[in-house]
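What follows is the residue order along each chain.
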Amino acid sequence: MALLEIKNLHASVAGKEILKGVTLALEPGEVHAIMGPNGTGKSTLSNVIAGREGYEVTKGQVLLDGEDVLAMAADERARAGIFLAFQYPVEIPGVTTSAFLKTALNAKRRAAGEKEIDAMEFMKLVKKKTEALGMPYDMIKRALNVGFSGGEKKRAEVLQMTMLEPRVAILDETDSGLDIDALRVVSDGVNSLRAPDRAFLVITHYQRLLDYIVPDHVHVLANGRIAASGGKELALELEAEGYAKYLNAAA
Amino acid sequence: MKPSLITDHPFGEAYAKHLGVAPWRGDLPGPKVEEWRFTPLRSLAKIAFAPASEDVDVDAIPRNVPRIPGAVRLVLVNGVYRQDLSGTGLGKGVEVFQGKVAAKQGSSLVALNAAYAPASLALHVTAAAKKVIHIISIGAAGSQPTAFHPRINVTAEPGSAITLVESHVGLPGETYFSNPVATIAVGEGASVRRYVSVDEDSEAFHLATSLVTVAGGGNYEAFHLGLGGALTRQEIRIALTGENANVRLNGAYALRGASHHDFTTVMDHAMPHCTSSQVFKGVVDGESHGVYQGRIHVARLAQKTDARQEHKALFLSRGPAIDCKPELEIYADDVQCAHGAATGEIDENHMFYLESRGIDPETARALLVEGFLADAVNEISVEAVRDQFVADIGNWLKRRGAQ
Ligand SMILES: Nc1ncnc2c1ncn2[C@@H]1O[C@H](COP(=O)(O)OP(=O)(O)OP(=O)(O)O)[C@@H](O)[C@H]1O
Ligand SMILES: [Mg+2]
């Protein structure tokens, strides 16, 4: 069984249909990349999977291990193992990154019937993970994402991912805003999580990321549908030729 | 008709007779009195309050009163100092005694307190006090509605320093009305930190007045927390009476049910080169009512004043009401004054972000509320107290979850 299965998914925002029948299956261990023009529905797809309100699913299914994801509340989806690294992470004043991380980690642990992490263990874990991502440890004392630079926000998203160890991670343009070194560090972070029982959906505009995070499959999302699928060479082709042919074909 | 005075109240002859003292001849402020517009006392005046009866027996400090590490506890029960419940070993720098209450005229409630306060709990700070003083005021009504009038007088000599914590709590029983008055005199170059928590019984009345003077070069840092009671008010009047005095006055409130809480502050800049800052934050739920009235007065003489105040409130539901009234009265021309006020609701994008990490909505909301109050609470410079107040707010939020 596929780990994550998206079947003929239709979704609208503010009465406008954005997703017009997306079908996609992520097998355990796989990395899928999605590319596609601006405004074509990539973030919409990730938000619908993560459970953000304001999207109306009019048709289709999303299954995690065969379970109906769309019937779950957002927090349940996360505890079931879905993680979305946001394209635009929000700033939350007053809530420290560390308090947030600890609460999220414990929510996951409780759901799994494990005991809560103690303060020492938590500190050690965060030290290890921040170091691996080249983040100063003190950053977790700051309010969540507040005043973080664009690249720091993206790193913080990946930090959360490596702490929460999801089953399916969706990375929505995690590479945008990263400098060249950070791109490598963040990719290493993602690659370190690659595992036979985990899958990734990597949304990006740049082929460069896929040199670091090598995908098993590349898809083109155009006009609300998967317009083409292929291997990693498809990304190179898109880089060279653009999306015109898919947009025309779909129109 | 909106009378400016409430003359028909339970604090006259009969009340005085119980105590064997001369009666208070004053009246309670009515809704026409500007400072009391948002906090009507009619419901209070209708209750047949009597002084605390002798047979109310409190033999322990309620367990929910926090223990501040390293602090000495001084206990008042219904306004009366209880040596048997209080700690010893004040250490250097401070003396505690029971003083006379000056019948000085002030506002109605201060005069009412002066008429009936048994004695004052007086703190004389002579140097940098070694220990934190934790004053615990317990309301215990027993079988009849009870009113009492705690009086705290703090005199900090020039160059001295002290940290005070005040917890105002109640025991279950009949309605009570606590009418505390604290006078705080911060001497030249002295430093007083004062952290007040009002977490009264949900049926209780609490109308507190703080009268603070800060002399030249003195520092006063205060934080006031309001977590409930039927009708509660913390009125804080601060006069900066010497040059280079600094005041940081902050507060937070969290209300639910039919609770009412009023912060009324008056910051009186009489002299040049002083600073004052105020950050007040409130969270309201249920049918509660929050009030913030902040007046800053800058006298003609008080050049180079820097005075700021800010009030922000967060609505957790549609039911509550907030009244906010900032007032700047500035008579000097070379000053910096700013005030800001805002209300809002919890941001759905914030909620989703937390939920998308597996945090359930209740916990997510609690995190956001604590986060909202944080920039006021974080102003508390004593870590142990800050942690305690954060925990108190956390407990308040848990009570919400339990409802
Ligand atoms: N709340 C909304 N109200 C109206 N339109 C919306 C709303 N949210 C998204 N849209 C529209 O849906 C379309 C798809 O947006 P989406 O963010 O999914 O695109 P995207 O593929 O992620 O683009 P990009 O590459 O620029 O990130 C856009 O046309 C966008 O304007
Ligand atoms: Mg997008």
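Our structure's up above, just so we're on the same page.
Residues numbered from 1 in each chain as written. Chains lettered and ligands numbered in written order. Predicted model: local features only at pLDDT ≥ 70, side-chain atom pairs only at ≥ 80, totals over all residues. Heavy atoms only, no water.

Trainee: I tried to follow the overall build of chain B on my own but got confused; where do I start?
Mentor: Scanning chain B from terminus to terminus reveals 6 helices and 24 strands. Taken against the 2.2 N^0.38 rule, which gives 22 Å for 403 residues, the C-alpha radius of gyration of chain B at 21 Å falls within 12% of a compact globule. A principal-axis box enclosing the C-alpha atoms of chain B has dimensions of 65 × 55 × 50 Å. Taking as baseline every contact in chain B between residues at least 6 positions apart, the subset at least 24 positions apart corresponds to 83%. Carbon and sulfur atoms make up 49% of the accessible area of chain B, which amounts to about 16,000 Å² in all. (Helix = DSSP H or I, 4+ residues; strand = E, 2+ residues; numbered from the N terminus. Rg over C-alpha atoms; globule rule 2.2 N^0.38 Å. Contact = heavy atoms within 4.5 Å. Areas by Shrake-Rupley, 256 points an atom, 1.4 Å probe, with all protein chains shown as cover.)

Trainee: How do you make sense of the packing of helix 4 (residues 348-355) of chain B against helix 5 (residues 361-377) of chain B when you look at a structure like this?
Mentor: Axes are the key here: two packed helices are described by the angle between their axes and the distance separating the axes. All names here are of chain B. Axis separation between helix 4 and helix 5 bottoms out at 9 Å; the angle between their running directions is 125°. On the basis of their axis angle, the class for helix 4 and helix 5 is oblique. Where helix 4 crosses over helix 5, the handedness of that crossing is right-handed. Residues H350, M351, L354 and E355 of helix 4 touch helix 5, and the partners they reach there are P361, A364, R365, L367 and L368. (Axes fitted to C-alpha atoms, helices over the stretch in contact; angles between N-to-C directions. Parallel < 35°, antiparallel > 145°, perpendicular 65-115°, else oblique. Left-handed = near helix turned anticlockwise from the far one by under 90°.)

Trainee: Explanation requested: the interface of chain B and chain A in the structure shown.
Mentor: The accessible area lost on association of the parts is a frequent measure of interface size. Of the residues lining the interface, 17 residues belong to chain B; the matching set on chain A comes to 29 residues. Buried area between chain B and chain A, summed over both chains or domains, comes out near 1,800 Å², and the portion from carbon and sulfur atoms is 69%. Three residues stand out in chain B for area buried against chain A, namely F352, Y353 and R357 of chain B, and they jointly supply 43% of the buried area on that side. At the boundary of chain B and chain A, one finds 1 salt bridge. Residues E157 of chain A and R357 of chain B are paired through a salt bridge, measuring 2.7 Å at the closest nitrogen-oxygen approach. Viewed at the interface, chain A and chain B are joined by 9 residue pairs in polar contact (both at pLDDT 80 or more). Those elements that provide at least two residues to the side of chain B that touches chain A are helix 4 and helix 5 of chain B. By residue class, the composition of the side of chain B that touches chain A is 8 nonpolar, 6 polar and 3 charged. (Buried area = accessible area lost by both parts, 1.4 Å probe. Salt bridge = Lys/Arg side-chain N within 4 Å of Asp/Glu carboxyl O. Polar contact = N/O pair within 3.5 Å; in protein donor to acceptor, adjacent residues only side chain to side chain. Nonpolar A, V, L, I, M, F, W, Y, C, P; charged D, E, K, R; others polar.)

Trainee: Where do I start with the pattern of salt bridges in this structure?
Mentor: Opposite charge on two side chains permits them to pair, given that their charged atoms come into close proximity. Residue and element names in this part refer to chain A. Within the structure shown, the criterion is met by 28 salt bridges over all chains. One salt bridge connects E91 with K153, and the closest N-O pair in it is separated by 3.0 Å. Of this pair, E91 sits in the loop between strand 6 (82-85) and strand 7 (92-96) while K153 is found in helix 5 (residues 150-164), placing the two residues 62 residues apart along the sequence. When its relative accessible area of 16% is taken as the criterion, K153 is described as buried. (Buried < 20%, exposed > 50% of the residue type's maximum accessible area, 1.4 Å probe, protein only.)

Trainee: Any chance you could explain the coordination of the magnesium ion (ligand 2) here in plain terms?
Mentor: Between any two of four tetrahedral donors, the ideal angle at the metal is 109.5 degrees; between two of six octahedral donors, it is 90 or 180 degrees. Residues and elements named next belong to chain A. Protein coordination at the magnesium ion (ligand 2): the donors are S43 (OG) and Q87 (OE1), at 2.0 to 2.1 Å from the metal. Pair noted here: S43 is in helix 1 (residues 42-50) and Q87 is in the loop between strand 6 and strand 7, with a separation of 44 residues, a long-range link. Here S43 falls in the partly exposed class, since its relative accessible area comes to 22%. (Donors = N, O, S within 2.8 Å, 3.2 Å for Na, K, Ca; no water.)

Trainee: Teacher, can you tell me more about the site of ligand 1 here?
Mentor: All names here are of chain A. Around ligand 1, 15 residues are found, and the nearest of them are G39, K42, S43, T44 and H205. One nitrogen or oxygen atom from the side chain of H205 is found 2.9 Å from an oxygen atom belonging to ligand 1. Isolated, ligand 1 exposes 640 Å² of accessible area, and the fraction of that covered by the protein chains is 63%. Elements that contribute at least two residues to the shell around ligand 1 include exactly strand 2 (16-26) and helix 1. Among the elements that take part in the shell around ligand 1, helix 1 stands out by supplying 3 residues, more than any other. (Near = heavy atom within 4 Å.)

Trainee: Sorry if this is basic, but what is going on with the nonpolar core here?
Mentor: Across soluble globular proteins, you tend to see nonpolar side chains buried next to one another. Of all hydrophobic cores here, the largest spans 98 residues; its most connected members are I6 and M161 of chain A together with F223 and L354 of chain B. Top contributing element to this core by residue count: helix 5 of chain B, with 8 residues. Leaving out residues up to four positions away in the same chain, I6 of chain A has contacts with V22, T23, L24, L45, I49, Q61 and V62 of chain A. Among the nonpolar cores identified, the runner-up in size contains 48 residues, and Y81, A129, I135 and V186 of chain B belong to it. (Core = buried A, V, L, I, M, F, W, Y, C linked by side-chain atoms within 4.5 Å.)

Trainee: Would you mind showing me how to read the sheet that holds strand 24 (residues 336-345) of chain B here?
Mentor: Paired through backbone hydrogen bonds, the strands of a sheet run either parallel or antiparallel to each other. Residues and elements named next belong to chain B. With respect to topology, 10 strands assemble into an open sheet ordered 5-4-8-11-14-16-18-20-22-24, the strand pairing being mixed. Taken across any chain shown, the strands that pair with only one partner, and hence form the sheet edges, are strand 5 (80-81) and strand 24. As defined by bridge partners, strand 22 (residues 306-315) adjoins strand 24 across 10 bridges and the pair is classed as parallel. If you follow A313 over to strand 24, its bridge partner there is T343. The strands touched by helix 5 within the sheet are strand 16 (219-226), strand 18 (246-255), strand 20 (275-284) and strand 22, with strand 20 carrying the most contacts at an inclination of about 160°. (Pairing = 2+ DSSP bridges.)

Trainee: I'm lost on the packing of helix 3 (residues 97-111) of chain A against helix 5 of chain A in this one. Help?
Mentor: All names here are of chain A. Orientation of helix 3 relative to helix 5, taken along the N-to-C sense of each, is 30°, at an axis distance of 10 Å. Relative to helix 5, helix 3 is oriented roughly parallel. Where helix 3 crosses over helix 5, the two elements pack in a sense that is right-handed. Of the residues in helix 5, those in contact with F100, L101, A104, L105 and K108 of helix 3 are L159, Q160, M163 and L164. Residues that form the contact of helix 3 with helix 5 fall into these classes: 7 nonpolar, 1 polar and 1 charged.

Trainee: Sorry if this is basic, but what is going on with the pairing of strand 20 of chain B here?
Mentor: Along a regular strand, successive side chains alternate from one face of the sheet to the other. Residue and element names in this part refer to chain B. Of all 10 residues that make up strand 20, 8 are buried, and the element is covered over most of its length. Where strand 18 and strand 20 come together, 10 bridges link them in parallel fashion. When the sheet's bridge partners are listed, N246 is paired in strand 20 with T275. Of the strand pairs in this sheet, strand 20 and strand 22 are connected by 10 bridges, and their pairing is parallel. Among the inter-strand pairings, Q278 is bridged to a residue of strand 22, identified as Q309.

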